[in-house]
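Read off the chains here:
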Amino acid sequence: MEVKGVAFLARQQLMVQTHGEAAWKAFLTNFAKKEPFFSKPVMPVSRMPADAFLRLNDELLARFYNNNPSAYWQFGVKSAEYALGQGQLKAMFSQGDFRRFLLFTPGIWKGYFTEGDLNVLPGQDHTDLHITHVPRPHPYFELSVMGFASGGLAYLGAQNLEHQVLKGFTRNDNEVLYRFNVG
């Protein structure tokens, strides 16, 4: 499994915004000594080994977030806010486009990752997001992707947004299933 460079660049942007460019550069320089892939510039079309990208994110959690995995959720929320507010999704969705946004999320998955599937299962008063076939189950994939969905729904004006975790890598399941209720 590979992760596309756009995922790294999104993380870089968030880290610079949150912790400053000097802190990010110092972190990346040090990390690149352990993970040589990051010693060269990463472009949007670069393909990173998933294990290297996951180690980068785990190190970010250790260095900046006291090993709190909920930071992965916030990575997703902030990415959605950026994508919908000023990034590539800005012109695609309007306030209230909840179901349409969720139906689009499999395309976002494919834009970041070369393996695994994200499926959308619309229900009567909810929508399920289901991640399967990920060769390297890791909390990053669950929390950042579901955080992106939650952040996007909130950005689009969802009121009384709730989600249920039915299955997850954080629960040692081999797939992820979240149910989103948008009131």
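Sequence order sets the numbering: in each chain, residues are counted from 1 along the sequence as written. Side-chain atom pairs in this predicted model are given and counted only at pLDDT of 80 or more, local residue features only at pLDDT of at least 70, and totals for whole chains, interfaces and linings cover all residues. Calculation of side-chain values draws on the structure's entire complement of heavy atoms; hydrogens and water are dropped beforehand.

Quick word on helix α6 (residues 139-155)
Note the threshold: The way it works is that DSSP assigns letters per residue, a run of H or I at least four long becomes a helix, a run of E at least two long becomes a strand, and they are numbered from the N terminus. A helix is expected to reach a length of 1.5 Å times the quantity of its residues less one. Using a 1.4 Å probe on the protein chains alone, a residue whose accessible area is under 20% of its type maximum counts as buried, one over 50% counts as exposed, and one in between counts as partly exposed.
Its 17 residues place the ends of α6 23 Å apart at the C-alpha level, agreeing with the 24 Å of an ideal helix rising 1.5 Å per residue. Burial analysis of α6 places 14 of its 17 residues in the buried class, which makes it a mostly covered element. Looking at the residues trailing α6, positive phi occurs at G157, about 100°.

Quick look at the packing of aromatic side chains
Heads up, the condition is: For Phe, Tyr and Trp, rings pair up if their centres lie within 6.5 Å, where Trp contributes its six-membered ring, and each pair is then called stacked (planes under 30 degrees apart), edge-to-face (over 60) or tilted (otherwise).
In this structure the tally under the stated criterion is 21 aromatic pairs. Taking 5.9 Å as the distance between ring centres and 35° as the angle between the ring planes, the aromatic pair formed by W24 and F27 counts as tilted. Residue W24 and its partner F27 are both found in helix α2 (residues 21-34); the two are separated by three residues, about one turn of the helix. Each member of the pair, W24 as well as F27, carries the same accessibility label: buried. Measuring from centroid to centroid gives 5.1 Å for F113 and F141, while their planes differ by 85°, and the two rings are edge-to-face. Taken together, the positions of F113 in the loop between α5 (98-112) and β3 (117-122) and F141 in helix α6 put the pair 28 residues apart, joining distant regions of the chain.

Here's the deal with unusual backbone geometry
What you tend to see is this: most non-glycine residues have negative phi, and most peptide bonds are trans. Its identity is not glycine, yet N66 carries a phi of approximately 55°, on the positive side. If you trace the backbone, N66 turns up in the loop between α3 (50-64) and α4 (70-85). In this structure N66 comes out as exposed when scored by relative accessible area, which is 71%. Unusually for a residue other than glycine, N160 sits at a positive phi of about 55°. Mapped onto the fold, N160 is located in the loop between α6 and β5 (162-167).

Details of the packing of α2 against α3
For the record, the criterion: Angles here are taken between N-to-C directions and fall from 0 to 180 degrees, while the axes themselves are lines fitted to C-alpha atoms, restricted in helices to the stretch in contact. Here the word oblique covers every angle except those under 35 degrees (roughly parallel), over 145 (roughly antiparallel) and from 65 to 115 (roughly perpendicular). Here a crossing is taken to be left-handed if its near helix is turned anticlockwise relative to the far helix by less than a right angle, and right-handed if that turn runs clockwise. Residue contacts are counted whenever heavy atoms from the two residues lie within 4.5 Å of one another. In this classification, the charged set is Asp, Glu, Lys and Arg, the nonpolar set is Ala, Val, Leu, Ile, Met, Phe, Trp, Tyr, Cys and Pro, and all remaining amino acids, among them Gly, are polar.
Following both chains from N to C, one finds α2 and α3 inclined at 130°, their axes separated by 11 Å at the closest point. As the angle between them shows, α2 and α3 are arranged oblique. Considering only the axes of α2 and α3, their crossing is right-handed. Only A52, R55, L56, E59, L60, R63 and F64 of α3 make contact with α2, whose side of the interface consists of A23, W24, F27, L28, F31 and K34. Split into classes, the residues belonging to the contact of α2 with α3 amount to nine nonpolar, no polar and four charged.

Keep in mind these numbers describe shape, not what the thing actually does.
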